[in-house]
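# Topology and contacts: notes
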Amino acid sequence: PPHAAPPLSCPPAIYDAVGGLVSVPPCVVAGLGIDRKLKSRSYLGVQAQFLKSDVERQIGVFNFPVGSVPPPPPVTAGSTAETLDYQEQSVAATVNQLVSEEWSVGTQYRFTHARLHTVFPEIPVASNPSADTTQQADLHQLGLFALWNHRSGFFARADLQWYHQVNAGYAPALLTEDFWQGNLWLGYR
């Protein structure tokens, strides 16, 4: 029916950087969140998310004949199977406080673990170890904010975000990344 929601699909960025482009991979998405308002004008939140996507595809290869009597046969184009198994789990906790009618402050911490397992089932691992690889990353995010909302519609917000990512299983190895980012917004609604 025309009013039905579109089926969920994983964002293509899941595989872009590591596994190459996969157009609209099927995926399972699940999440749970709990928010609580306290009498002290504090707001607490906890959420967990899970994402899983499995892709089977054929990729192009060049076949180089080995051990032929000269002259060697020509190189031919072919394909080989590839399977991608992607999983991502995250958990987050949020605390927000209304300080006054115009001011609020808050913080959020999120931990995300992502894993991509890539297998070329037709290529023996003994002859090519990269035929079965697992790449993983752990991302820690911490956010702090202060928000001012004036009843006239003007607002200002300052954010400070910290990102820390640890990578494993990449060849060549990817460095651990750690940086801070600040954001300022001014506006009118």
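Anyway, here's the lowdown on the structure attached to this text. (Residues numbered from 1 in each chain as written. Predicted model: local features only at pLDDT ≥ 70, side-chain atom pairs only at ≥ 80, totals over all residues. Heavy atoms only, no water.)

Regarding its fold elements, the chain presents one helix and seven strands. Secondary structure elements in the chain, listed N-terminal to C-terminal, are α-β-β-β-β-β-β-β. For the chain, with 189 residues in total, the buried portion stands at 24%. When contacts within the chain are restricted to residue pairs at least 6 apart in sequence, long-range pairs at least 24 apart make up 55% of them. When the accessible surface of the chain is totalled, it reaches about 12,900 Å², and 64% of it is carbon and sulfur. (Helix = DSSP H or I, 4+ residues; strand = E, 2+ residues; numbered from the N terminus. Buried < 20%, exposed > 50% of the residue type's maximum accessible area, 1.4 Å probe, protein only. Contact = heavy atoms within 4.5 Å. Areas by Shrake-Rupley, 256 points an atom, 1.4 Å probe, with all protein chains shown as cover.)

This next bit is on the pairing of strand S3 (residues 76-98). Where strand S2 (residues 42-63) and S3 come together, 22 bridges link them in antiparallel fashion. Paired with Phe50 across the bridge in S3 is Gln89. With 16 bridges connecting them, S3 and strand S4 (residues 103-119) associate as antiparallel partners. Across the sheet, residue Leu98 finds its bridge partner in S4, namely Ser104. Taking the residues that link successive antiparallel strands as the turn, the S3-S4 hairpin has four residues. (Pairing = 2+ DSSP bridges.)

Moving on, we get to the nonpolar core. One finds Leu51, Val55, Leu84, Tyr86, Ala114 and Leu116 forming the largest nonpolar core, which totals six residues. Listing elements by their share of this core, those giving two or more residues are S2, S3 and S4. (Core = buried A, V, L, I, M, F, W, Y, C linked by side-chain atoms within 4.5 Å.)

The next subject is the sheet that holds strand S5 (residues 132-149). Overall, antiparallel pairing links the seven strands, which are arranged S1-S2-S3-S4-S5-S6-S7 in an open sheet. Two strands bound the open sheet, and with one partner strand each, they are strand S1 (28-37) and strand S7 (177-188). Neighbour-to-neighbour, the strand axes of the sheet open up by a mean angle of 15°, direction not taken into account. (Axes fitted to C-alpha atoms, helices over the stretch in contact; angles between N-to-C directions.)

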